[in-house]
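Below, each chain spelled out in residue letters.
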Amino acid sequence: MQLFGSFAILLALVLAGYGVLAGIFGLARGDSRLIASAQRAAMAVFPVVTVAVVCLVGLILRNDFTVAYVAEHSNRALPFYYKIAVLWSGQEGSLLFWTWLLSGYAFIALLGARRKARGIAQATAPGNLAAATAGAGAAALPVPATRAATDEEEALSPRLAHRNLMPLAAVILGAIECFFLLLNNFAASPFVTLPVATPPDGNGLNPLLQYAQMVIHPPMLYLGYVGFSVPFAFCLAALIKRYPGDRWIHVTRRWTMVAWLFLTIGIVLGGNWAYRVLGWGGYWAWDPVENAAFLPWLTATAFLHSVMMQEKRGMLKVWNVWLVFATFLLAVFGDFITRTGLVASVHAFAQSDIGPWFVAFFIVALLVCGWAYFRNRDFLKSENALESTVSRESGFLFNNFILLVITFAVLWGTVFPVVSEWIEGQKIDVGRVFFDRINVPLFLFLLFLTGVGPLLAWRRTSLNSLKRNFTAPAVVGVLVAAASLLGGVRDPYPIVCFGLAGFVLTTIAMEFTRGAAVIRRRGGGGILGGWPAALTQLTLRNTRRYGGYIVHVGIILIAIGIAGSGLNQQTQGAMPYHAHMRIGPYTLVSENYTQNDNANYASNSLEVAVERGGQYVTTMYPARRFYKASNQDQSMVAIRSTPLADLYLVYAGNDPSSGDPILHAYWNPLMVWIWIGAIVTALGTLLAMLPNRRPSGGAPGGVNARAAAAPVEEVHA
Amino acid sequence: MGTGLVAAFACVFLTVMVAYFLLTGGEAQLEDSPREAELRALRERKRTIYDNLRDLHFEFLAGKLGEEDYRRGRGALEQEAAQVTRKMEGRA
């Protein structure tokens, strides 16, 4: 099986290499057969890499400890689901997993391009064109001379862009695949056999990874990281081809949203894992590997906002292209620092020698981006200029500026230990204080912009509109901040955050209610004509906008959860039988102390009764496990979540003198809102990816193409 | 020896399958001519301007924009649409 797996990754490399070369020659010579062959090769990479993945999983499930990777990361007693997670728990396996996801993305994109090509061919067939031109939408348009010039075909534009850019995008994706397949074959093969005698059992999976979140967190994170390769490929292809129009940016945006969604889920699951597993009461420590995931998330978020400037007004084209490039490069950088031991992290894989490969790939990718940009920069000329600082455009600009400043701050803080080692000979860690001090005020300003941006008009906003839109949200914001102060919050950041949350949530509520009111006035909202139906119709008419608002609600909920950490409490002490401890509104009573043993681990568990105001609330069981295969122990945190706060108990070990169990208790207000906010964010993103349900084509609001084509004076007469 | 033989057969089978997939199938569809592509881009632009006008109108009806902002925005968009339409007619 390991021979077959090795052969499969070698074959995949040959296929990917052929796809790149055949694609380049096919495109250069306009040879449609060669292009088609290159695309088929690119598609074939996925099933072939799948064979390799199946082989490796098979070796893990069969406990084949002749294979070094299996012996290093698995053991016989490991439960089935964790054995699957072994695939991505080590360097070699996770690199194969990365390649598999990348080839899967390329496969889906290529399959989509094939289906789109068929759909376009059907839609533009002469019979269908006649039907389309007879439609009401098309009647308002001047009849163009070409056969493709129908409203129906205009709706096909993003599909056309996908189909037309796919050959070059496939070459770019193939080149990225080649890099990872080179690593899989020659630098970090998961199919290498042990040079020594086969051990009776493996070293086992790292105990930190033996959690449900860890089965799903890395795949989500990887789907995010790897997913940014697709918008990068389409964006670079559009730039190199100088693809006319702006529909290519739709394709790029949609793929970015997919990757952004996965990365968001991955980051939050990582935070949730850290919270539930690492036992320090927090979820984010500005660890270099956390930052590595956060950096492309920041630039992708910036792109998802600034892309609207390009789509609506033909502005910020250079900026957007570089945001897409930067997102991809930062994803590669993240992979690099995770795998090479460049920076110390609880997440990072051990020191390895694949660093130079990544450095070379990063440099080549950067050079290609630079070459494509300088060769085609005139193609990215802006169609409009900023007309006023009080406009939606400037809101997006500020948003992007802040996100970029945060990106640079996080990047600098992350690489500072490496830079300091180069300059001063010793690694200096900037620490959490650096990140918090710089980023917290910036994030608060970003929250403010989240509320302000949607209320500003495109081009210019008058003082009247400002008053009309901002009075109610500002009043609510101030009242919420005052209520927080009166409620006992003393730290200025949480007060400001709660106030801004009130401000932004009010602006979003206003957006929904005003829009739904228009639909109701027009008789929309279904048979019942009620608010829920009107709100549903409103959302489905413009899923991107209203899905985006729901994403903002999610982000605000996350911000509320984070602000709650300013009110955290913690205490620690020995807990002999019937001992008491006070934390937040709770009293904790030590009730029992038990020990368990199974094939995988031995555990000590403490039974803690939780009381509030003298009334019994629940019983919690913080524990500590000792994993036999890896000889490591691990804390099992007990958490009781309510909408107001989490009670978080850690079995911190035993008192060396008395042997009594030591309990570390945390009271974390509003914590659950971080996870709820993440779910809302994910749902909002999914909604934003749905197509709009509204008729398109004809000119709106009494404007038609003939009027628009006439001299401006005539239109206004 | 037996396992090695099975692995060798599996490798050959995989290679044959992949080669069959590569060597069968049609041609890739070629793109529009530059003139068609340019016209398509202009139609896309016009469609975007219509979408912008529709959004502007909706925001006005929702009470988000004052009369002044609405009129200014609509005028600018109509002007943009007129320019794009003229370009389309010039190239048709």
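Note that the structure is a prediction, hence the values are computed from the model and not measured.

Draft legend 1. Spatial organisation of the overall build of chain B. When you go through chain B residue by residue, the secondary structure sums to three helices and zero strands. Traced from its N-terminal end to its C-terminal end, chain B shows the element sequence α-α-α. Residues counted as buried form 47% of the 92 residues belonging to chain B. Carbon and sulfur atoms make up 63% of the accessible area of chain B, which totals about 4800 Å².

Draft legend 2. Region of the structure containing the pattern of salt bridges. Tallying each qualifying case throughout the model produces 24 salt bridges over all chains. The salt bridge involving glutamate 68 of chain B is made with arginine 72 of chain B; its shortest N-O contact spans 2.9 Å. Of the two residues, glutamate 68 of chain B and arginine 72 of chain B both sit in helix 3 (residues 67-91), four residues apart, roughly one turn of that helix. You can call arginine 72 of chain B partly exposed: its relative accessible area is 29%. Through salt bridges with shared partners, a single ionic network connects Arg313, Lys317, Glu383, Glu387, Glu393 and Arg459 of chain A together with Arg45 and Glu80 of chain B.

Draft legend 3. The pairing of strand 2 (residues 580-583) of chain A, seen in detail. Residue and element names in this part refer to chain A. Across the two faces of strand 2 the burial differs, with Met581 and Ile583 buried and His580 and Arg582 not buried at all. Relative to strand 3 (residues 586-597), strand 2 runs antiparallel, the two being bridged by four bridges. By the bridge assignment for strand 3, arginine 582 is matched with threonine 587.

Draft legend 4. Here's a closer look at the packing of aromatic side chains. All names here are of chain A. If you walk through the whole model with that rule in mind, you get 47 aromatic pairs over all chains. Look at phenylalanine 180 and phenylalanine 361: their rings are 6.3 Å apart centre to centre, the planes differ by 65°, and that puts the pair in the edge-to-face class. Highlighted residues: phenylalanine 180 in helix 9 (residues 157-187) and phenylalanine 361 in helix 15 (residues 355-376), separated in sequence by 181 residues. Exposure remark for phenylalanine 361: the relative accessible area of 12% places this residue in the buried category. Look at tryptophan 322 and phenylalanine 325: their rings are 5.2 Å apart centre to centre, the planes differ by 85°, and that puts the pair in the edge-to-face class. Here phenylalanine 325 and tryptophan 322 lie together in helix 14 (residues 317-340), a separation of three residues that amounts to about one turn. For tryptophan 322, a relative accessible area of 28% translates into the label partly exposed. The buried category is assigned to phenylalanine 325, whose relative accessible area is 0%.

Draft legend 5. Summary view of the nonpolar core. All names here are of chain A. Counting residues in hydrophobic clusters, the biggest one holds 156 residues, and the most contacted among them are Leu15, Met166, Phe180, Phe232, Trp248 and Phe358. Of the residues forming this core, the biggest block, 16 residues, is contributed by helix 9. Apart from residues no more than four positions distant in its own chain, phenylalanine 180 is found in contact with Leu95, Trp98, Thr99, Leu102, Asp335 and Phe358. Counting residues in hydrophobic clusters, the runner-up holds 33 residues, among them Phe512, Leu538, Ala559 and Val680.

Conventions adopted
- Residues numbered from 1 in each chain as written.
- Chains lettered and ligands numbered in written order.
- Predicted model: local features only at pLDDT ≥ 70, side-chain atom pairs only at ≥ 80, totals over all residues.
- Heavy atoms only, no water.
- Helix = DSSP H or I, 4+ residues; strand = E, 2+ residues; numbered from the N terminus.
- Buried < 20%, exposed > 50% of the residue type's maximum accessible area, 1.4 Å probe, protein only.
- Areas by Shrake-Rupley, 256 points an atom, 1.4 Å probe, with all protein chains shown as cover.
- Salt bridge = Lys/Arg side-chain N within 4 Å of Asp/Glu carboxyl O.
- Pairing = 2+ DSSP bridges.
- Phe/Tyr/Trp six-rings, centres within 6.5 Å; stacked < 30°, edge-to-face > 60°.
- Core = buried A, V, L, I, M, F, W, Y, C linked by side-chain atoms within 4.5 Å.
- Contact = heavy atoms within 4.5 Å.

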